[in-house]
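Observations on the three-dimensional arrangement
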Amino acid sequence: MADARNGLPAEEGSINPVQEGETAAKVETTQEPTQATDNQGQRGVCRIKKEYLRKYRDELAKAEADVAMAEADASSSSTLKREREGVDADAEADYGVEAAGDEAKLKKVKTEHEDGDGQANEGDGGGEAEEPSAEKRQKRRRGQNKKREITRSSDLVQLCHNTSQGQPCARPDNCKYSHDIHLYMHHKGPDIGDVCPVFELYGKCKYGAKCRFAQAHTDKDYQQTVNEEVARNAPPVPAGVTRDFQRLVRQAKIPLERSTQYLRLHEQNLRGRARVWALTEQAKLEQRAAQEANGEASPLTDEVKVEKEANGEASLLTHEVKVEKEINGEASSLTHEVKVENMAKLDQHAVKIVGPHPNKKTIDFRGKTYLAPLTTVGNLPFRRVCKGFGVDITCGEMAMATNLLSGQSAEWALIKRHPCEDIFGVQIAGGKTEHVVKACEAIQQAGIQCGTIVDFVDLNVGCPVDAITRVGCGSALLEKKAKLFDILAGANYVLECPVTCKLRTGTFTDKPIAHKLIEAIRGNVSLCTLHGRSKQQRYTKLANWDYISDFGSKAEGSFTFFGNGDILNWEEYYGRLERAKVDGLMIGRGALIKPWIFEEIKDRKVKDISATERFEILKDFAKFGLEHWGSDTPGVNTTRRFMCEWLSFLYRYVPVGLLEVLPQKINDRPPPFYGRNELETLMGSSNSADWVKITERILGKAPDDFKFVPKHKSNSYEANAYEADDIQAEG
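Residues numbered from 1 in each chain as written. Predicted model: local features only at pLDDT ≥ 70, side-chain atom pairs only at ≥ 80, totals over all residues. Heavy atoms only, no water.

**Some points on helix H5 (residues 181-188)**
Buried residues of H5: Ile181, Tyr184 and Lys188, and no others. Down the axis, H5 shows its buried residues gathered within 55° of arc, on one side only. Away from the buried face of H5 by more than 90 degrees, exposed residues His182 and His186 are located. Turning to H5, the residues buried within the fold contact helix H4 (161-164). (Buried < 20%, exposed > 50% of the residue type's maximum accessible area, 1.4 Å probe, protein only. Helix = DSSP H or I, 4+ residues; strand = E, 2+ residues; numbered from the N terminus. Arc of directions from axis to C-beta. Contact = heavy atoms within 4.5 Å.)

As structure tokens, then:
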């Protein structure tokens, strides 16, 4: 029986989410929803039918409980009086009047949520949302949970890998792991299920007795079984970069010939720019002196000279090193505005020193759906889910160029692709030309030596996170046009695959500068994507599609151009595609909230995806995750963690059958609501403890020490037991 307070079952696990009354059929709405107009504010309220609003349902339940209690009291009192005093018929009528008054109270609760036209009141989620006060806006949870704890669970007894496979240990004298399989199995705990996704796919499981589904492929003596027929026909394992290759990269033993050539030419070009700039400044000074001699201009006073020299307007640079440092933005006491102005002067003399790779491949990106590169949540299992819904282009999570060059395994794992990803790219971030160019060629060498071939490499020029911009990466490159040109030209020179980039509008919302970078981008990239927000905005307010369209007009014919921002339904997709000057659209958060958006785009219709269907999608994600991260204890809980990361976006989806106004907008948050059944209510919860409960229905009980805190504070705004108490606000 459901708890009337929160809509959840009184006993955990009492309802089987797959066998409950909900069906997979699309739910027909009882009334035709109206179409929403474009939002003009930073965030609105998603309008939900009043019968699903939590406030309305709770008050209704309270009123019904009051009526039932009043009727029970009236009945018991009536019986008692008849027994003791022999009450006459007139007294009984009085109690009837009292019960009728309670019924009127119930009717009042039902009607007070409706106005004269039968619409829900504003406070209940209908109508226009009230503008929050300044004090409430200050208290909104914003920014990242920078001090969140990442739980990495492991087995209590660490079993030797060979022992788990039923084989003798290769180095018994030096092995630091346990070889007592009986002790391990005693502390391991029960299996999650009886079907191992790894064994089912490949005919054998490399995790052996450590697998949380070991009963599917382990006999009573803990020996591993192999399904020879499945093993013969098993698909290829997704190729990854080997540890030997990572070691060679770390030791700088990978041949990077084209990078060396480019960096040598790049150094010469820097000196050439310095000489051009110095000569230009010299010419300006000579022209000024001639004007003063002819009386055409008044001589500069000492004070004005000092001021102009401080502003970088009248200094003759004779030392090339000083100019090179100014080019690289490494040493300058000038103000931020003057730095940008001086960089613009340098950019006028940027010379294209090289062309593209002689074997450059091409991809026609136009008109294809594109899943944005998403840090943390854009992992391989999630990309597989989106491929199942028909997305055309996928891109890995952002990898730091410096981490790739240092041979970090976690960073190189980000370029791993699944065979179903037919157009797959890697996104990298870097603040120095040398780092990015070498990382690009190392990625290409990884494809040659390890089989991890990528179809394109994307440069991140939009990440707004302070830790990234502080080291000159991401959106910090927006104000370094010369350096951006050098990085893109170098990547284009060393890579056979196409180079792409993703930008933001600028650093500040009121000063968009992305259009000034078109010259640096032209000729070096095959595709440029513009996210219609500034670094300052991060993900607040709405994307500036007017500026995206203006950028597209200025860049027309230079390269393939995609827009990005706030796409959550197929109407918005085709509307933006038609009105903005773009060749296609990239979708990020919209895919996290509803990954079936790609299917809606291809079918051109809204789909009312039921809670059971969404639960099945999560089960697919779990299966893909266990194949990718492993079916042992660490792999299961890594899958659990990344499922929670996805649920921090997925819960924002409001089923179509509950909406009063279509379509749902990406920045509109719904008021608390009840779903059409218990599972739908649970999947709409903003409490991260409920997300962990959802994972427990698929991956078994979470470890006692498992904690999950959303990456972004705005993703979960209800206190819960799984969140740490010492999370501090972003500075």
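**Overview of the environment of Val525**
Counting through the fold element by element, Val525 comes out in the loop between helix H19 (518-521) and strand E8 (527-531). Residues Val525 and Leu488, spaced 37 residues apart in sequence, show a C-alpha to C-alpha distance of 7.2 Å. Setting aside residues up to four positions removed in sequence, Val525 forms contacts with Leu488, Val499, Thr500, Cys501 and Phe559.

**Describing the packing of aromatic side chains**
Across all of its chains, the model carries 14 aromatic pairs by this definition. Ring centres 5.2 Å apart and planes at 85° place the aromatic pair Tyr573 and Tyr574 in the edge-to-face group. Residue Tyr573 is classed as buried on the basis of its relative accessible area of 2%. Where Trp629 meets Phe642, the ring centres are 4.7 Å apart and the plane angle is 10°; that geometry is what we call stacked. (Phe/Tyr/Trp six-rings, centres within 6.5 Å; stacked < 30°, edge-to-face > 60°.)

**Describing unusual backbone geometry**
Residue Pro663 follows Leu662 across a cis peptide bond; omega there is -5°. Tracing the backbone through its elements, the reader meets Pro663 in the loop between strand E11 (661-662) and helix H26 (678-683). For Arg538, which is not glycine, the phi dihedral falls at a positive 55°. Mapped onto the secondary structure, Arg538 falls in the loop between E8 and helix H20 (545-554).

**Comments concerning empty space enclosed by the protein**
A complete count under the given rule lists four cavities of 30 Å³ or more for this structure. By volume, the largest cavity is sized at about 110 Å³. Along its surface, the largest cavity is lined by 13 residues, and Lys594, Val606, Val656, Pro663 and Gln664 are the ones closest to its centre. (1 Å grid on protein atoms, 1.4 Å probe; cavity = no way out; pocket = protein on both sides within 12 Å on 5 of 7 lines; lining within 4 Å. Points joined across faces, edges and corners; volume = space filled by probe spheres on them.)

**So, the nonpolar core**
With 145 residues, the main nonpolar core has Trp412, Leu503 and Phe551 as its most contacted residues. When near neighbours in sequence (up to four residues on either side) are disregarded, Trp412 contacts Val241, Phe245, Gln246, Val249, Leu404, Gly407, Ala442, Ile443 and Ala446. (Core = buried A, V, L, I, M, F, W, Y, C linked by side-chain atoms within 4.5 Å.)

**So, the side chain of Thr163**
Residue placement: Thr163 occurs in helix H4. Look past the residues within four positions of Thr163 in its chain and what remains in contact with it is Ser178, His179 and Ile181.

**Points about the confidence of the model for the chain**
For the chain, mean pLDDT is 78; residues scoring 70 or higher make up 72% of the total. For the stretch residues 108-141, pLDDT sits under 50, and the model shows 52 contacts to residues farther than four places along the chain or on other chains. Here residues 716-731 is modelled with pLDDT under 50, and outside its nearest four sequence neighbours on either side it reaches 46 contacts, counting other chains as well. (pLDDT = per-residue confidence, 0-100.)

**Concerning the environment of Asn637**
Along the polypeptide, Asn637 turns up in helix H25 (residues 633-650). Accessibility expressed as a relative area gives 4% for Asn637, which makes it buried. Expressed as a C-alpha distance, the spacing of Asn637 and Thr695, which sit 58 residues apart in the sequence, is 9.7 Å. If we ignore the near neighbours within four places in the chain, the residues touching Asn637 are Ser153, Pro703 and Phe706.

**Observations concerning the pairing of strand E10 (residues 584-587)**
Side-chain alternation along E10 places Gly584 and Met586 on one buried face and Leu585 and Ile587 on a second face that is also buried. Each parallel crossover has a hand, and the one from strand E9 (residues 560-564) via helix H21 (residues 570-579) to E10 is right-handed. (Right-handed = clockwise from strand over helix to strand, strands pointing away.)

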